[in-house]
Amino acid sequence: MESQQKMSSTPKEHVSNVNIGFIGGGNMAYAIAAGLINKGVLKPQQIMVSATNLDNLRKRWERLLVDRLTVDNVEVIRKSDIVFLCVKPHILPICRRSMEGSSNIPDCNTKLMVSILAGVTLERLYNEFSCLPNIPFVRTMPNTPMQVGAGCTIFCAGFDHHNATVEAHYNATKFMFNQLGLAYEVREEQIDNMTGLTGCGPAFVYQIIEALADGGVKQGIPREMAIKMAAQTVLGAAKTVLETGKHPAVLKDEVCSPGGATIHGVHELEKGAVRATLITAVEKSSARAKELS
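Residues numbered from 1 in each chain as written. Predicted model: local features only at pLDDT ≥ 70, side-chain atom pairs only at ≥ 80, totals over all residues. Heavy atoms only, no water.

A few points about the sheet that holds strand 5 (residues 112-115)
Pairing is mixed across the open sheet formed by 8 strands, whose spatial order is 3-2-1-4-5-6-7-8. Two strands close off the open sheet at either side, each with one partner strand: strand 3 (69-70) and strand 8 (181-185). Of the strand pairs in this sheet, strand 1 (residues 20-23) and strand 2 (residues 47-50) are connected by 4 bridges, and their pairing is parallel. Bridging across to strand 2, Gly21 finds its partner in Met48. Where helix 3 (residues 27-38) meets the sheet, it contacts strand 1, strand 2 and strand 4 (82-85), and its direction lies at approximately 160° from that of strand 1. (Pairing = 2+ DSSP bridges. Helix = DSSP H or I, 4+ residues; strand = E, 2+ residues; numbered from the N terminus. Contact = heavy atoms within 4.5 Å. Axes fitted to C-alpha atoms, helices over the stretch in contact; angles between N-to-C directions.)

Some points on the confidence of the model for the protein chain
Of all residues in the protein chain, 95% attain a pLDDT of 70 or more, and the chain-wide mean is 91. Taken as a whole, residues 1-7 scores under 50 in pLDDT and shows 11 contacts with residues more than four places along the chain or in a different chain. (pLDDT = per-residue confidence, 0-100.)

Considering the nonpolar core
One finds Phe22, Ile32, Ile47, Trp61, Phe84 and Met176 to be the most contacted residues of the largest nonpolar core, which totals 40 residues. When residues of this core are traced back to their parent elements, those giving at least two are strand 1, helix 3, strand 2, helix 4 (54-61), strand 4, strand 5 and helix 8 (164-179). Among the elements that line this core, the one with the most residues is helix 3, at 9 residues. Apart from residues lying up to four places away in sequence, Met176 is in contact with Val15, Ile20, Leu36, Val41, Leu42, Ile82 and Phe84. (Core = buried A, V, L, I, M, F, W, Y, C linked by side-chain atoms within 4.5 Å. Buried < 20%, exposed > 50% of the residue type's maximum accessible area, 1.4 Å probe, protein only.)

Here's the deal with helix 9 (residues 188-199)
Buried residues of helix 9: Ile191, Asp192, Thr195, Gly196 and Thr198, and no others. Packing partners of the buried residues in helix 9 comprise strand 6 (137-141), strand 7 (151-157), helix 10 (201-218) and helix 14 (274-292).

Structure representation (C-alpha coordinates):
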(Lines give C-alpha, C1' and ligand atoms only; values in the text may rest on other atoms or scores of the structure.)
Protein backbone atom coordinates (compact mmCIF):
# COMPACT_ATOMS: atom_id res chain seq x y z
CA MET A 1 0.00 0.00 0.00
CA GLU A 2 1.34 3.39 -0.91
CA SER A 3 1.94 5.74 2.02
CA GLN A 4 0.28 8.57 0.10
CA GLN A 5 -2.92 6.56 -0.06
CA LYS A 6 -2.78 6.06 3.70
CA MET A 7 -2.35 9.77 4.28
CA SER A 8 -5.20 10.93 2.06
CA SER A 9 -7.85 8.32 2.87
CA THR A 10 -10.70 8.79 5.34
CA PRO A 11 -10.48 6.76 8.58
CA LYS A 12 -13.10 4.34 7.21
CA GLU A 13 -11.14 3.85 4.00
CA HIS A 14 -7.90 3.57 5.93
CA VAL A 15 -9.27 0.80 8.15
CA SER A 16 -10.33 -1.21 5.12
CA ASN A 17 -6.77 -1.15 3.77
CA VAL A 18 -4.63 -1.94 6.81
CA ASN A 19 -3.63 -5.12 8.60
CA ILE A 20 -4.69 -5.43 12.23
CA GLY A 21 -2.76 -7.54 14.74
CA PHE A 22 -3.66 -8.85 18.17
CA ILE A 23 -0.95 -9.92 20.61
CA GLY A 24 -2.99 -12.09 22.93
CA GLY A 25 -6.15 -13.85 21.78
CA GLY A 26 -8.26 -13.77 24.94
CA ASN A 27 -11.69 -12.34 25.77
CA MET A 28 -10.96 -8.69 25.09
CA ALA A 29 -9.10 -9.27 21.84
CA TYR A 30 -11.90 -11.53 20.67
CA ALA A 31 -14.55 -8.97 21.68
CA ILE A 32 -12.86 -6.20 19.67
CA ALA A 33 -12.31 -8.38 16.60
CA ALA A 34 -15.80 -9.89 16.73
CA GLY A 35 -17.40 -6.48 16.98
CA LEU A 36 -15.40 -5.08 14.06
CA ILE A 37 -16.08 -8.11 11.86
CA ASN A 38 -19.78 -8.24 12.73
CA LYS A 39 -20.08 -4.52 11.95
CA GLY A 40 -18.38 -5.02 8.59
CA VAL A 41 -15.52 -2.70 9.58
CA LEU A 42 -12.88 -5.42 9.17
CA LYS A 43 -12.60 -8.58 7.12
CA PRO A 44 -11.23 -11.72 8.80
CA GLN A 45 -8.29 -11.82 6.40
CA GLN A 46 -7.11 -8.43 7.69
CA ILE A 47 -6.55 -9.86 11.18
CA MET A 48 -3.60 -11.73 12.64
CA VAL A 49 -3.49 -13.08 16.21
CA SER A 50 -0.72 -14.46 18.40
CA ALA A 51 -0.88 -16.46 21.65
CA THR A 52 1.11 -19.20 23.35
CA ASN A 53 -1.28 -22.04 22.46
CA LEU A 54 -2.08 -22.37 18.77
CA ASP A 55 -4.71 -25.08 19.26
CA ASN A 56 -6.70 -22.91 21.66
CA LEU A 57 -6.41 -20.01 19.25
CA ARG A 58 -7.80 -22.08 16.38
CA LYS A 59 -10.73 -23.41 18.42
CA ARG A 60 -11.86 -19.90 19.27
CA TRP A 61 -10.90 -17.71 16.35
CA GLU A 62 -12.14 -20.06 13.64
CA ARG A 63 -15.63 -18.90 14.65
CA LEU A 64 -14.68 -15.52 13.18
CA LEU A 65 -13.02 -17.15 10.16
CA VAL A 66 -9.67 -15.70 11.26
CA ASP A 67 -6.96 -18.12 10.17
CA ARG A 68 -3.78 -16.00 10.39
CA LEU A 69 -2.70 -17.37 13.76
CA THR A 70 0.78 -17.67 15.25
CA VAL A 71 2.78 -18.10 18.45
CA ASP A 72 5.26 -15.45 17.27
CA ASN A 73 4.51 -11.96 18.61
CA VAL A 74 7.18 -10.41 16.42
CA GLU A 75 5.52 -11.82 13.33
CA VAL A 76 2.30 -10.03 14.27
CA ILE A 77 4.11 -6.70 14.57
CA ARG A 78 6.04 -7.25 11.36
CA LYS A 79 2.91 -8.03 9.34
CA SER A 80 0.49 -5.52 10.91
CA ASP A 81 -0.04 -1.78 10.71
CA ILE A 82 -2.06 -1.41 13.92
CA VAL A 83 -1.34 -3.86 16.74
CA PHE A 84 -3.61 -4.35 19.77
CA LEU A 85 -1.63 -5.43 22.84
CA CYS A 86 -4.14 -7.63 24.70
CA VAL A 87 -2.16 -9.63 27.26
CA LYS A 88 -2.71 -9.56 31.02
CA PRO A 89 -0.63 -6.91 32.83
CA HIS A 90 1.43 -9.51 34.72
CA ILE A 91 2.34 -11.15 31.38
CA LEU A 92 3.85 -7.92 30.04
CA PRO A 93 7.48 -8.73 30.97
CA ILE A 94 7.18 -12.15 29.29
CA CYS A 95 5.67 -10.50 26.24
CA ARG A 96 8.49 -7.99 26.13
CA ARG A 97 11.13 -10.73 26.38
CA SER A 98 9.56 -12.46 23.39
CA MET A 99 10.34 -9.36 21.35
CA GLU A 100 13.91 -8.74 22.47
CA GLY A 101 16.23 -8.80 19.54
CA SER A 102 13.42 -7.72 17.25
CA SER A 103 14.93 -4.35 16.36
CA ASN A 104 15.12 -5.53 12.76
CA ILE A 105 11.37 -4.94 12.31
CA PRO A 106 11.21 -2.40 9.50
CA ASP A 107 9.41 0.92 9.88
CA CYS A 108 8.42 0.60 13.55
CA ASN A 109 7.78 4.33 13.56
CA THR A 110 5.01 3.92 10.97
CA LYS A 111 3.10 1.33 13.00
CA LEU A 112 0.80 1.91 15.97
CA MET A 113 0.60 -0.17 19.16
CA VAL A 114 -2.72 0.01 21.04
CA SER A 115 -2.52 -1.22 24.64
CA ILE A 116 -5.61 -2.37 26.55
CA LEU A 117 -3.61 -3.32 29.67
CA ALA A 118 -5.30 -2.10 32.85
CA GLY A 119 -3.07 0.08 35.00
CA VAL A 120 -0.08 0.01 32.63
CA THR A 121 1.04 3.56 31.93
CA LEU A 122 2.37 4.89 28.67
CA GLU A 123 5.71 5.52 30.35
CA ARG A 124 5.98 1.85 31.32
CA LEU A 125 4.92 0.71 27.86
CA TYR A 126 7.68 2.74 26.23
CA ASN A 127 10.22 1.45 28.76
CA GLU A 128 9.16 -2.18 28.32
CA PHE A 129 9.22 -2.01 24.53
CA SER A 130 12.36 0.00 23.98
CA CYS A 131 13.36 -2.93 21.75
CA LEU A 132 10.83 -1.63 19.23
CA PRO A 133 12.51 1.59 18.10
CA ASN A 134 10.21 4.61 17.93
CA ILE A 135 6.96 2.62 17.86
CA PRO A 136 4.14 4.93 19.06
CA PHE A 137 1.62 3.78 21.66
CA VAL A 138 -2.02 4.44 22.41
CA ARG A 139 -3.37 3.52 25.85
CA THR A 140 -6.99 2.40 26.02
CA MET A 141 -9.56 0.85 28.32
CA PRO A 142 -12.30 -0.87 26.30
CA ASN A 143 -14.95 -3.29 27.56
CA THR A 144 -16.38 -6.60 26.38
CA PRO A 145 -19.77 -5.31 25.10
CA MET A 146 -17.75 -4.12 22.10
CA GLN A 147 -18.39 -7.58 20.64
CA VAL A 148 -22.04 -6.60 20.09
CA GLY A 149 -21.31 -3.00 19.09
CA ALA A 150 -22.34 -1.58 22.46
CA GLY A 151 -18.98 -0.98 24.09
CA CYS A 152 -17.49 1.94 25.93
CA THR A 153 -13.84 2.88 25.35
CA ILE A 154 -11.59 5.55 26.80
CA PHE A 155 -8.21 6.22 25.21
CA CYS A 156 -5.28 8.60 24.94
CA ALA A 157 -2.39 8.95 22.53
CA GLY A 158 1.16 8.49 23.75
CA PHE A 159 2.64 10.86 21.21
CA ASP A 160 2.22 14.56 20.43
CA HIS A 161 3.21 14.80 16.80
CA HIS A 162 4.15 11.91 14.56
CA ASN A 163 4.32 11.14 10.88
CA ALA A 164 1.24 11.23 8.68
CA THR A 165 0.96 7.44 8.52
CA VAL A 166 0.77 7.10 12.31
CA GLU A 167 -1.78 9.92 12.48
CA ALA A 168 -3.86 8.03 9.92
CA HIS A 169 -3.55 4.85 12.02
CA TYR A 170 -4.63 6.80 15.12
CA ASN A 171 -7.67 8.28 13.38
CA ALA A 172 -8.52 4.80 12.09
CA THR A 173 -8.28 3.41 15.65
CA LYS A 174 -10.65 6.09 16.91
CA PHE A 175 -13.01 5.24 14.06
CA MET A 176 -12.96 1.55 15.02
CA PHE A 177 -13.73 2.31 18.66
CA ASN A 178 -16.61 4.57 17.68
CA GLN A 179 -18.06 1.83 15.50
CA LEU A 180 -18.22 -0.41 18.58
CA GLY A 181 -20.09 1.95 20.91
CA LEU A 182 -19.14 5.11 22.76
CA ALA A 183 -15.51 6.26 22.69
CA TYR A 184 -13.91 9.16 24.53
CA GLU A 185 -10.41 10.58 24.24
CA VAL A 186 -9.23 11.52 27.74
CA ARG A 187 -6.10 12.51 29.64
CA GLU A 188 -4.05 9.53 30.73
CA GLU A 189 -4.57 10.21 34.44
CA GLN A 190 -8.31 9.79 33.88
CA ILE A 191 -8.03 6.24 32.55
CA ASP A 192 -7.39 4.51 35.89
CA ASN A 193 -10.13 6.57 37.52
CA MET A 194 -12.63 5.46 34.86
CA THR A 195 -11.56 1.81 34.65
CA GLY A 196 -13.84 0.76 37.51
CA LEU A 197 -16.81 2.23 35.66
CA THR A 198 -16.20 1.42 32.00
CA GLY A 199 -13.87 -1.56 32.09
CA CYS A 200 -15.28 -3.38 35.11
CA GLY A 201 -18.84 -2.04 35.00
CA PRO A 202 -20.24 -4.74 32.67
CA ALA A 203 -19.51 -7.39 35.31
CA PHE A 204 -21.49 -5.38 37.87
CA VAL A 205 -24.42 -5.07 35.47
CA TYR A 206 -24.33 -8.81 34.71
CA GLN A 207 -24.68 -9.44 38.44
CA ILE A 208 -27.66 -7.08 38.54
CA ILE A 209 -29.27 -8.88 35.59
CA GLU A 210 -28.69 -12.24 37.25
CA ALA A 211 -30.22 -10.99 40.51
CA LEU A 212 -33.26 -9.52 38.74
CA ALA A 213 -33.74 -12.82 36.94
CA ASP A 214 -33.50 -14.70 40.24
CA GLY A 215 -36.21 -12.43 41.58
CA GLY A 216 -38.37 -13.32 38.60
CA VAL A 217 -37.74 -17.04 39.11
CA LYS A 218 -38.76 -16.65 42.76
CA GLN A 219 -42.05 -15.26 41.47
CA GLY A 220 -42.56 -18.33 39.27
CA ILE A 221 -41.17 -17.08 35.94
CA PRO A 222 -39.21 -19.73 33.97
CA ARG A 223 -35.44 -19.16 34.19
CA GLU A 224 -34.79 -18.59 30.48
CA MET A 225 -37.64 -16.11 30.21
CA ALA A 226 -36.60 -14.35 33.42
CA ILE A 227 -33.03 -13.82 32.16
CA LYS A 228 -34.21 -12.43 28.82
CA MET A 229 -36.76 -10.14 30.46
CA ALA A 230 -34.21 -8.91 33.02
CA ALA A 231 -31.64 -8.23 30.30
CA GLN A 232 -34.21 -6.45 28.13
CA THR A 233 -35.31 -4.35 31.11
CA VAL A 234 -31.72 -3.23 31.72
CA LEU A 235 -31.18 -2.61 28.00
CA GLY A 236 -34.38 -0.57 27.76
CA ALA A 237 -33.56 1.50 30.82
CA ALA A 238 -30.02 2.21 29.57
CA LYS A 239 -31.28 3.17 26.12
CA THR A 240 -33.84 5.50 27.67
CA VAL A 241 -31.08 7.30 29.61
CA LEU A 242 -28.96 7.70 26.47
CA GLU A 243 -31.71 8.74 24.08
CA THR A 244 -33.81 11.03 26.31
CA GLY A 245 -30.87 12.74 27.99
CA LYS A 246 -32.81 12.74 31.24
CA HIS A 247 -31.06 12.22 34.56
CA PRO A 248 -31.55 8.65 35.85
CA ALA A 249 -33.14 10.00 39.02
CA VAL A 250 -35.81 11.78 36.94
CA LEU A 251 -36.54 8.61 35.00
CA LYS A 252 -36.70 6.62 38.22
CA ASP A 253 -39.27 9.05 39.63
CA GLU A 254 -41.35 8.67 36.47
CA VAL A 255 -41.70 4.95 37.22
CA CYS A 256 -42.47 5.41 40.94
CA SER A 257 -46.18 6.09 41.36
CA PRO A 258 -47.23 7.29 44.83
CA GLY A 259 -47.92 4.27 47.00
CA GLY A 260 -47.23 1.96 44.06
CA ALA A 261 -45.26 -1.25 43.66
CA THR A 262 -42.05 0.34 42.35
CA ILE A 263 -41.46 2.70 45.26
CA HIS A 264 -41.73 -0.23 47.66
CA GLY A 265 -39.02 -2.02 45.70
CA VAL A 266 -36.86 1.11 45.59
CA HIS A 267 -37.17 1.35 49.37
CA GLU A 268 -35.80 -2.18 49.69
CA LEU A 269 -32.86 -1.30 47.42
CA GLU A 270 -32.10 1.70 49.61
CA LYS A 271 -32.21 -0.45 52.74
CA GLY A 272 -29.76 -2.80 51.05
CA ALA A 273 -27.43 0.11 50.27
CA VAL A 274 -27.34 -0.86 46.60
CA ARG A 275 -26.16 2.57 45.48
CA ALA A 276 -23.40 2.76 48.09
CA THR A 277 -22.30 -0.77 47.18
CA LEU A 278 -22.06 0.05 43.46
CA ILE A 279 -20.17 3.28 44.15
CA THR A 280 -17.71 1.34 46.31
CA ALA A 281 -17.35 -1.35 43.62
CA VAL A 282 -16.33 1.28 41.06
CA GLU A 283 -13.98 2.88 43.59
CA LYS A 284 -12.30 -0.41 44.54
CA SER A 285 -11.90 -1.52 40.93
CA SER A 286 -10.38 1.82 39.95
CA ALA A 287 -8.01 1.64 42.91
CA ARG A 288 -6.92 -1.84 41.86
CA ALA A 289 -6.25 -0.58 38.34
CA LYS A 290 -3.89 2.00 39.81
CA GLU A 291 -2.18 -0.70 41.90
CA LEU A 292 -1.54 -2.72 38.75
CA SER A 293 0.53 0.15 37.39
